[in-house]
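Residue strings, one per chain:
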Amino acid sequence: MWTTIARSLFRGARTEKAPPAAEAALAELAAKVDSAARERLGRSLSIREIDAGSCNGCELEIHALNNAFYDLERFGLRFVASPRHADVLLVTGPVTKNMREALERTYLATPDPKWVVAVGDCAVDGGMFAGGYACVGGVSAIVPVDLHIRGCPPRPIELIKGLLALVQEGEGNGDD
């Protein structure tokens, strides 16, 4: 037992090395999103995430936005529990028959101006579930979508870049 403990102390942990820190680039990108949101809305951006029937891959990447590495709260971007407080709806997964009405109600409950972002390949066009008996299709088949972010799943940095592009463009507000 002592040899095992000694070996583990002298060898160190056997883990993967951390990715190179892009802290400055991340801080700059998130600050741009926050300033653009404050300019367009007069306040910080509030995000509501909706799972319309996904495999949870995209949710893991969205949840990573709140971890210690990305920590969007420090830049004023926040996730809210109610669509009545949201500016952006991040929708993941192909819309299933069971989630169709919930997505429509959530969209209607979100005040204007609002933006809808389809996150991941499944939300864009149904992905590998397209044509299935329980799948209605992509998010745009149910509600108007302002931005599509492709990927299976998209990385958190791509989500931040998408939010920046969405707020800077700002032309569509989902009232098509």
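Notes on the structure follow. Here the structure is a predicted model, which means the values were calculated and not measured. (Residues numbered from 1 in each chain as written. Predicted model: local features only at pLDDT ≥ 70, side-chain atom pairs only at ≥ 80, totals over all residues. Heavy atoms only, no water.)

**Considerations on the overall build of the protein**
Turning to step 1, where the next piece is worked out: The helix and strand tally for the protein stands at six helices and seven strands.
Turning to step 2, where the next piece is worked out: Helices (α) and strands (β) of the protein occur, in sequence order from the N terminus, as α-α-β-α-β-β-β-α-β-α-β-β-α.
Turning to step 3, where the next piece is worked out: Across the 176 residues that make up the protein, the buried fraction comes to 44%.
Turning to step 4, where the next piece is worked out: Look at the contacts in the protein between residues 6 or more apart in sequence, and 81% of them connect residues 24 or more apart. (Helix = DSSP H or I, 4+ residues; strand = E, 2+ residues; numbered from the N terminus. Buried < 20%, exposed > 50% of the residue type's maximum accessible area, 1.4 Å probe, protein only. Contact = heavy atoms within 4.5 Å.)

**What to know about the pattern of salt bridges**
Turning to step 1, where the next piece is worked out: A complete count under the given rule lists six salt bridges for this structure.
Turning to step 2, where the next piece is worked out: Where Arg150 meets Asp125, a salt bridge forms, and the shortest distance between an N and an O atom there is 3.4 Å. With Arg150 in the loop between β7 (147-149) and α6 (156-169) and Asp125 in helix α5 (residues 121-125), the pair connects residues that are 25 residues apart, well separated along the chain.
Turning to step 3, where the next piece is worked out: The exposure class of Asp125 is partly exposed, given its relative accessible area of 41%.
Turning to step 4, where the next piece is worked out: In this structure, a network of salt bridges that share partners links the residues Asp121, Asp125 and Arg150. (Salt bridge = Lys/Arg side-chain N within 4 Å of Asp/Glu carboxyl O.)

**Focus on α6**
Turning to step 1, where the next piece is worked out: The terminal C-alpha atoms of α6 lie 20 Å apart, and with 14 residues this matches the ideal 20 Å at 1.5 Å per residue to within 8%.
Turning to step 2, where the next piece is worked out: Every buried residue of α6 is listed here: Pro156, Ile157, Leu159, Ile160, Gly162, Leu163, Leu164, Leu166 and Val167. (Expected span 1.5 Å × (residues − 1).)

Shape descriptors only; they carry no functional weight alone.
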